[in-house]
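Residue-level structure breakdown
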Amino acid sequence: MNPFRAAIAVARKDLVSEWRTREMVPALAQFVVLALLIGNFGFQIDSRNAPSIAPGILWLALVFAGLIAFGRTFAAEREQSSLEAMLMTPASPVAIFAGKALAASVLLILCEVVLLPALWLFFGTPVSAGVVLAVILATIGMASLGCLFAAIVARVRARELLLPLLTLPLWIPFIIAGGQAVQSAMGLPGSYDQAIGLLIDFDILFVVLTSLAARFVLDE
Amino acid sequence: MSRLEKASAGAVALMALAGAAIFFYAPTDFLQGAVQRIFYLHVSSAIAAYGCFAVVLLGGAIFLRTENYAADRWARAGALVGVVFTTVTLVMGMLWAKKVWGAFWVWDARLTSTLVLWIIYAGYLLVRRLTEPGRQAARLAAVVGIFGFVDVPVVHFSVTWWVTHHPGPVIINDALPPQMLATFLFTMLCTLVLAAVMITIRYRIETLMDLKQLVPSPVQVVITREPGGVAGPVQ
């Protein structure tokens, strides 16, 4: 079975299921807007300091929205015990994992479609193509790691506790490079090209590593 | 005295000797004064921590390939001892930093990556606590251990373009006077012996705890022998 077609089929299944229920994307969108609201009250934001504070709020909102999104990726499969059924098909576990990660990243990108304009609207910071590129590149790597650990903790009792605990430290490289890229795209000092280069490197590294590990995690 | 007790006594004696070398043999640093003596144990315990996490990595990788539970127990032992040595490194480093840089903490590459190292392996220990012991937990922990090991150099690399306060590797580029170098190498050797002994003891404890789970205690067997109930051990 062609692994790419299998992965696309799994991603399509997840996205169709989301389209029919429309649960995750509205909830995530509301969550990120609430995070901006908290950021507004937590800091004294005005037009001068907004460019230095907004990137931080952006990453905080994105990271926690990501945790919610990836935590839910395997929740439905667990409730219906459908993961076992999927693993019995000729599709390889790596293809199934890639499909799940792809669908979760699409959901997170949809949530960024709300987050970035809201950031521009509330904080007046420029949301350029550079910001969008950095956020999407970080989303790819974060999704691969987040889905791997979501798959791992899906069958563990304390999964809500464990997922953030395991995923957040591993996301730090993406926050460092992505944070730097967004900061320089918003006019703060720092090399944008170098940060984007690092993000691409990290994406390749972690997508390859998580695909290798997915075999051990899903192959039960 | 059992072999483990002899080994622990030896390790403690070696550490006392290292302490004597640090305070009485090594010369006082011209610029920093007595506080520079933190260096010997600070760097040694960082190296010992890396060694412990290498044990976690190897144990995890071997477990994933062979399902050998001894490898998993070595990994568990390495993680616990590694977290202890990372804590020592961080605390001693913070004390030294306060004296030399004027602040307990700066977000420098090496400090950040060491903190992430600590968080990842403290997380590893929590994973072991929050999961039911068994194959699932061991596989999960193995993946965490492997990704943790990969993540730390990546974090280090990605912060390096920030201004770094931490001194570079002084040992490699011949910056240490011979007496300091000798003290450092001796302390590092003693710390590595201590770490190895601690891991071995912890491995023994993990083995006993695994055995306790496999073999039901007499009390549990007695409880199941109720009238009308099915006799036999419970898990």
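Note that the coordinates shown come from a computational prediction; the quantities given were computed from them, not determined experimentally.

1. As for the overall build of chain B
Looking only at helices and strands, chain B has 7 helices and 0 strands in total. Going from N to C terminus, chain B has its helices and strands arranged as α-α-α-α-α-α-α. Counting every position in chain B, which comprises 235 residues, the buried fraction comes to 36%. Of all intrachain contacts in chain B linking residues separated by at least 6 positions in sequence, the fraction that spans at least 24 positions is 75%.

2. Re the nonpolar core
A134(A), L199(A) and C52(B) are the most contacted members of the largest nonpolar core, which has 131 residues in total. When near neighbours in sequence (up to four residues on either side) are disregarded, A134(A) contacts G178(A), A181(A), V182(A), A185(A), I196(A) and L199(A).

3. Some remarks on the packing of helix α3 (residues 50-73) of chain A against helix α7 (residues 129-153) of chain A
Residue and element names in this part refer to chain A. Two elements in contact, α3 and α7, have axes separated by 9 Å at closest approach and are oriented at 40°. What the angle tells us is that α3 and α7 run oblique. For the element pair α3 and α7, the recorded crossing hand is right-handed. Between α3 and α7, the residues in contact are L62, G66, F70, G71 and T73 and V135, M142, G146, C147 and A150, respectively.

4. So, the confidence of the model for chain A
Residues with a pLDDT of 70 or more make up 99% of chain A, whose mean pLDDT is 88. Looking at the elements of chain A, mean pLDDT is at its lowest for helix α4 (residues 75-80) of chain A, recorded as 79, and at its highest for α7(A), recorded as 92.

5. Topic: the confidence of the model for chain B
When pLDDT is low, close inspection of the predicted coordinates is not appropriate. All names here are of chain B. Mean pLDDT over chain B: 84, with 84% of residues reaching 70 or higher. Per-element confidence in chain B ranges from a low mean pLDDT of 53 for helix α7 (residues 218-224) to a high of 94 for helix α3 (residues 69-100). Predicted confidence for residues 228-232 stays below pLDDT 50, and this span has 4 contacts to residues more than four positions away or in other chains. Under the prediction, the complex receives an ipTM of 0.82, its pTM being 0.83.

6. A few points about the interface of chain B and chain A
Facing 23 residues of chain B, the contacting portion of chain A comprises 22 residues. Only α4 (109-130) and α5 (135-159) of chain B provide two or more residues apiece to the side of chain B that touches chain A. With 12 residues, the single largest contributor to the side of chain B that touches chain A is α5(B). Looking at side-chain class alone, the side of chain B that touches chain A contains 16 nonpolar, 4 polar and 3 charged residues.

7. Focus: the environment of G145(B)
All names here are of chain B. Inspection of the secondary structure puts G145 in helix α5. On the neighbour-count criterion, G145 (29 C-beta atoms within 10 Å) is buried. When near neighbours in sequence (up to four residues on either side) are disregarded, G145 contacts V56, L57, G60, A75, A79 and Y124.

8. Observations regarding unusual backbone geometry
Phi angles above zero are rare outside glycine, and R22(A) is one such case at about 50°. Mapped onto the fold, R22(A) is located in the loop between α1 (3-21) and α2 (24-42). A residue is classified by how many C-beta atoms lie within 10 Å of it, and R22(A), with 9 of them, is exposed. Look at E67(B): it is not a glycine, yet its phi comes out positive at around 60°. Of note, E67(B) is situated in the loop between α2 (38-66) and α3. With 12 C-beta atoms counted inside 10 Å, the residue E67(B) sits in the exposed group.

Conventions and cut-offs
- Sequence order as written defines residue numbering, which begins from 1 separately in each chain.
- Chains and ligands are labelled sequentially in the order written, the chains with letters from A and the ligands with numbers from 1.
- Restriction of local features to residues with pLDDT of at least 70 applies here, the model being predicted, together with a cutoff of 80 or more for giving and counting side-chain atom pairs; totals for whole chains, interfaces and linings are based on all residues.
- Where helices and strands are cited, they refer to DSSP runs of H or I of at least four residues and of E of at least two residues respectively, numbered from the N terminus.
- Neighbour density around each residue's C-beta defines its exposure: 20 or more other C-beta atoms within 10 Å make it buried, 12 or fewer make it exposed, and counts between make it partly exposed, where C-beta atoms are placed from the backbone.
- Two residues qualify as being in contact provided that their C-beta atoms, derived from the backbone, are within 7 Å of each other.
- A set of buried residues drawn from Ala, Val, Leu, Ile, Met, Phe, Trp, Tyr and Cys, joined through C-beta atoms within 7 Å, is what defines a nonpolar core.
- The angle between two axes is taken between their N-to-C directions and runs from 0 to 180 degrees, where each axis is a line fitted to C-alpha atoms and a helix contributes only its stretch in contact.
- When an angle is under 35 degrees it counts as roughly parallel; over 145 it counts as roughly antiparallel; between 65 and 115 it counts as roughly perpendicular; any other value is oblique.
- Each crossing gets its handedness from the near helix: less than a right angle anticlockwise from the far helix is left-handed, clockwise is right-handed.
- Confidence of the prediction at every residue is given by pLDDT, a number between 0 and 100.
- Ten residue types, Ala, Val, Leu, Ile, Met, Phe, Trp, Tyr, Cys and Pro, are classed as nonpolar, four, Asp, Glu, Lys and Arg, as charged, and the remainder, Gly among them, as polar.

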